[in-house]
Amino acid sequence: MIYMLDTANIEAICRAVDLYPLAGVTTNPSIIAQENRPLKEILLGIRECIGRERMLHAQVMGSDAQTMLLEAIAMRALDPELIIKVPVTQQGIKAIKLIAAKDIRITATAILTPQQALMAAVAGAEFLAPYVNRLDNICSDGINLAAEISLLIKHYHLNAKVLGASFKNVQQIHQLALAGAHSVTISPDVFDLLLSHPLTDSGVAGFRADWEKIYGDNTNVLDAL
Ligand code: E4P
């Protein structure tokens with residue numbers, strides 16, 4: 001599983017880089033706007049925190065393909081490793097073709113149907129981001145969407161990966177992993193929940209209590225050897 005964090009909050013990103021096997025950070029225009037700072041400052045700040053080896057995804061905002069291409073080129077001038085997110089509209093698909101022709105990595109985003117994903121992959125997108133929770137919210141099936149996209153990738157031998165997006169709970173992420181998704185992008189609060197279990201906490205507390213009765217308070221293995 002390729003884990004990514006869906007935020008532009010520097011504090012949350014640096015914390016997750018330290019704690020987790022994080023492969024990258026994704027943003028979207030709403031996430032960027034929450035920071036209320038110049039885009040250049042936000043992207044450079046994230047890059048400084050994650051290093052060159054992790055992925056950073058940022059989205060274009062133009063409403064026509066030519067503008068999206070110019071945005072992609074400008075953002076890549078700022079960050080040569082940046083992966084460009086493009087929504088799967090008609091102009092977006094055209095932009096994916098144009099941007100891919102420049103050998104720029106692309107994430108197709110705002111995917112709500114398998115056919116949007118298929119066309120984006122054929123056009124040149126590397127990551128395909130189905131919005132799981134947004135579909136679940138309207139009594140549709142986000143996991144099934146991701147599973148069908150995985151099948152299409154295999155069926156057509158496409159060089160693309162599912163990037164599960166828009167989660168509100170761990171069960172959605174678990175179901176997505178079982179469905180064979182290659183990668184996920186998760187908000188910081190839900191990311192922390194991936195490891196959360198009260199029996200894990202009480203189990204660890206029990207180990208400490210038993211240990212400290214014999215080896216003393218605040219000791220560890222190094223003190224006991
Ligand atoms: C990722 O590409 C999306 O921007 C993101 O996961 C959407 O999440 P939301 O539905 O919680 O806004």
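Before any of the text, the structure's been laid out above.
Because the structure is predicted, anything quoted here is derived from the model rather than measured. (Residues numbered from 1 in each chain as written. Predicted model: local features only at pLDDT ≥ 70, side-chain atom pairs only at ≥ 80, totals over all residues. Heavy atoms only, no water.)

**Observations concerning the overall build of the protein**
Then, in step 1: Counting its secondary structure elements, the protein contains twelve helices and eight strands.
Then, in step 2: Taken along the three principal axes of its C-alpha coordinates, the protein extends 70 × 40 × 30 Å.
Then, in step 3: Each of the 225 residues in the protein was classed as buried or not, and the buried ones make up 45%.
Then, in step 4: Restricting to contacts in the protein with at least 6 residues of sequence separation, those with at least 24 account for 54%.
Then, in step 5: Considering the protein, the positive charge centre built from 18 side chains and the negative charge centre built from 23 side chains are found 9 Å apart. (Helix = DSSP H or I, 4+ residues; strand = E, 2+ residues; numbered from the N terminus. Buried < 20%, exposed > 50% of the residue type's maximum accessible area, 1.4 Å probe, protein only. Contact = heavy atoms within 4.5 Å. Lys, Arg positive; Asp, Glu negative; His and termini not counted. Charge placed at Lys NZ, Arg CZ, Asp CG, Glu CD.)

**Things to note about helix α11 (residues 198–215)**
Then, in step 1: The end-to-end C-alpha separation of α11 is 25 Å, in line with the 26 Å expected for 18 residues at 1.5 Å each.
Then, in step 2: Two residues or fewer after α11 comes G216, characterised by a positive phi angle close to 100°. (Expected span 1.5 Å × (residues − 1).)

**Here's the deal with the pattern of salt bridges**
Close approach of charged atoms lets side chains of opposite charge pair.
Then, in step 1: Scanning all chains against the criterion turns up eleven salt bridges.
Then, in step 2: Across the salt bridge formed by R15 and D192, the nearest N and O atoms sit 3.1 Å from each other. Within this pair, whereas R15 is found in helix α1 (residues 10–19), its partner D192 is found in helix α10 (residues 188–193), the two being separated by 177 residues in sequence.
Then, in step 3: For E126, the salt bridge is made with K161, and the minimal N-O distance between the two is 3.5 Å. Taken together, the positions of E126 in the loop between α6 (114–123) and β6 (127–130) and K161 in strand β7 (residues 161–164) put the pair 35 residues apart, joining distant regions of the chain.
Then, in step 4: Of the residues examined, K161 reaches a relative accessible area of 23% and is grouped as partly exposed.
Then, in step 5: Where salt bridges share partners, they join R47, R52, D79 and E81 into one cluster. (Salt bridge = Lys/Arg side-chain N within 4 Å of Asp/Glu carboxyl O.)

Taken by themselves, the reported measurements are silent on function.
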